[in-house]
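Structural overview
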Amino acid sequence: MPESAHPLAELTQLLLERRDVLVLTGAGISTASGIPDYRDDDGVRRGRLPIEGNAFRQSEAARKRYWARSMLGWPRLAQATPNAAHRALAQLQQAGHLGAILTQNVDGLHQQAGSTGVIELHGSIHTVRCLSCATVYPRAQIQQELQRCNPALAEMQAEALPDGDAQLEPDADAAFHVPACVACGGMLQPDVVFFGDGVPAARSALAEQAARACDAMLVVGSSLMVLSGFRFPRMVAEAGKPVVAINRGVTRADALLAFKIREDAATVLPRLADQVLQATRA
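Residues numbered from 1 in each chain as written. Predicted model: local features only at pLDDT ≥ 70, side-chain atom pairs only at ≥ 80, totals over all residues. Heavy atoms only, no water.

Details of the pattern of salt bridges
- Applying the stated criterion across every chain yields a total of 8 salt bridges.
- The partner of R248 in a salt bridge is D264, with the nearest N and O atoms 3.4 Å apart. On the criterion of sequence distance, the pair formed by R248 in the loop between β10 (243-246) and β11 (259-261) and D264 in the loop between β11 and α10 (265-281) is long-range, its members being 16 residues apart.
- Its relative accessible area of 38% is what places R248 among the partly exposed residues.
- Owing to a relative accessible area of 35%, D264 belongs among the partly exposed residues under this scheme.
- Between R271 and E263 there is a salt bridge, and its shortest N-O distance comes to 3.3 Å.
- By relative accessible area, R271 is classed as partly exposed at 36%.
- What makes E263 partly exposed here is its relative accessible area of 31%.
- Here the salt bridges share partners, and the residues they tie into one network are E208, R212 and R231. (Salt bridge = Lys/Arg side-chain N within 4 Å of Asp/Glu carboxyl O. Helix = DSSP H or I, 4+ residues; strand = E, 2+ residues; numbered from the N terminus. Buried < 20%, exposed > 50% of the residue type's maximum accessible area, 1.4 Å probe, protein only.)

Below you can see the structure in the form of structure tokens.
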């Protein structure tokens, strides 16, 4: 990846010249909204691995652990609001300088900021689905049931972790009551792609179509260490189209990048939006 003396100016020019710039965002775009991210600047994952999908579906203890931690951690995520980076992307998109947005995040902040055409690769933390009858519930409704059935644990204070998770002492969830689907009594699962599970085929195909159709890609706040995200910039780069990134630390795609801006998205993107929009008015 060559160094650029004026990366923001180059990125401004890219958005002015390219017809369809696809954006891929990760956890780093939401840290300014108070949502912790997964990795440090070296791309190393913080803390322990999350619960895997198979464990959640096969183990009652795993489900108790997940829902207990989620009951404590989800309110902070639910109260988060878009930051300057989300708003700048929405502004650029509305002005016709960006195409679709692929996001690895499940927080829904792009849509709250006004972005359209958002493809949520890993789903949304704000909905819950029954694995038996496919009934969909708002996560806020499930939160009310979790708190009603587990009043003692609901009063606990816990350290917030990424994606609505929270730090909980071992065995604190042993007596936790996990609600079932009111329609059929089936197992409820958050409508997200768990660690170890694959992105649904239809959603993956939609993202691949966007990657093939774009003429450049902008990666924001992602280390791209997970293949479900990395494969898209790889597709774009292999097609001979430029890929650039705004990310403080290393990314798995560094060797593929035209250039990278090593700053926080909430600092860079508002400046980018100002420069692009000023140039179009000039």
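A short note on the sheet that holds strand β9 (residues 216-220)
- The sheet built from 6 strands is open, its strands ordered β3-β2-β1-β9-β10-β11 with parallel pairing. A single partner strand is all that each edge strand has here, and the edge strands are β3 (118-120) and β11. In this sheet, adjacent strand axes meet at a mean angle of 20 degrees when their direction is disregarded.
- With 3 bridges joining them, strand β2 (residues 101-103) and β3 adopt parallel strand pairing. Within the sheet, the bridge partner assigned to T103 lies in β3 and is E120. (Pairing = 2+ DSSP bridges. Axes fitted to C-alpha atoms, helices over the stretch in contact; angles between N-to-C directions.)

A few points about helix α6 (residues 139-149)
- Regarding α6, the residues found buried are R139, I142, Q143 and L146. Looking straight down α6, one finds that the buried residues subtend no more than 105 degrees of arc, so they occupy a single side. Away from the buried face of α6 by more than 90 degrees, exposed residues Q144 and R148 are located.
- Structurally, α6 contributes buried residues whose contacts are with α3 (60-79), β4 (123-130), β5 (136-138) and β8 (188-192). (Arc of directions from axis to C-beta. Contact = heavy atoms within 4.5 Å.)

Focus on the environment of E208
- Tracing the chain through its elements places E208 in helix α8 (residues 201-213).
- Look at E208 and you get partly exposed, because its relative accessible area is 23%.
- Sequence separation between E208 and F232 is 24 residues; the distance between their C-alpha atoms is 7.1 Å.
- Setting aside residues no more than four positions away along its own chain, E208 makes contact with R231, F232 and M235.

Considering the nonpolar core
- Of all hydrophobic cores here, the largest spans 27 residues; its most connected members are L11, L15, L218, L269 and L272.
- In terms of residue count, the dominant contributor to this core is α10 (6 residues).
- Setting aside residues up to four positions removed in sequence, L11 forms contacts with L218, V244, I246, F259, I261 and L272. (Core = buried A, V, L, I, M, F, W, Y, C linked by side-chain atoms within 4.5 Å.)

Digging into the environment of L92
- Considering the arrangement of structural elements, one finds L92 in helix α4 (residues 84-94).
- By relative accessible area, L92 is classed as buried at 0%.
- In sequence terms L92 and L269 are 177 residues apart; their C-alpha atoms lie 9.4 Å from each other.
- Leaving out residues up to four positions away in the same chain, L92 has contacts with L15, H97, L98, L272, A273 and V276.

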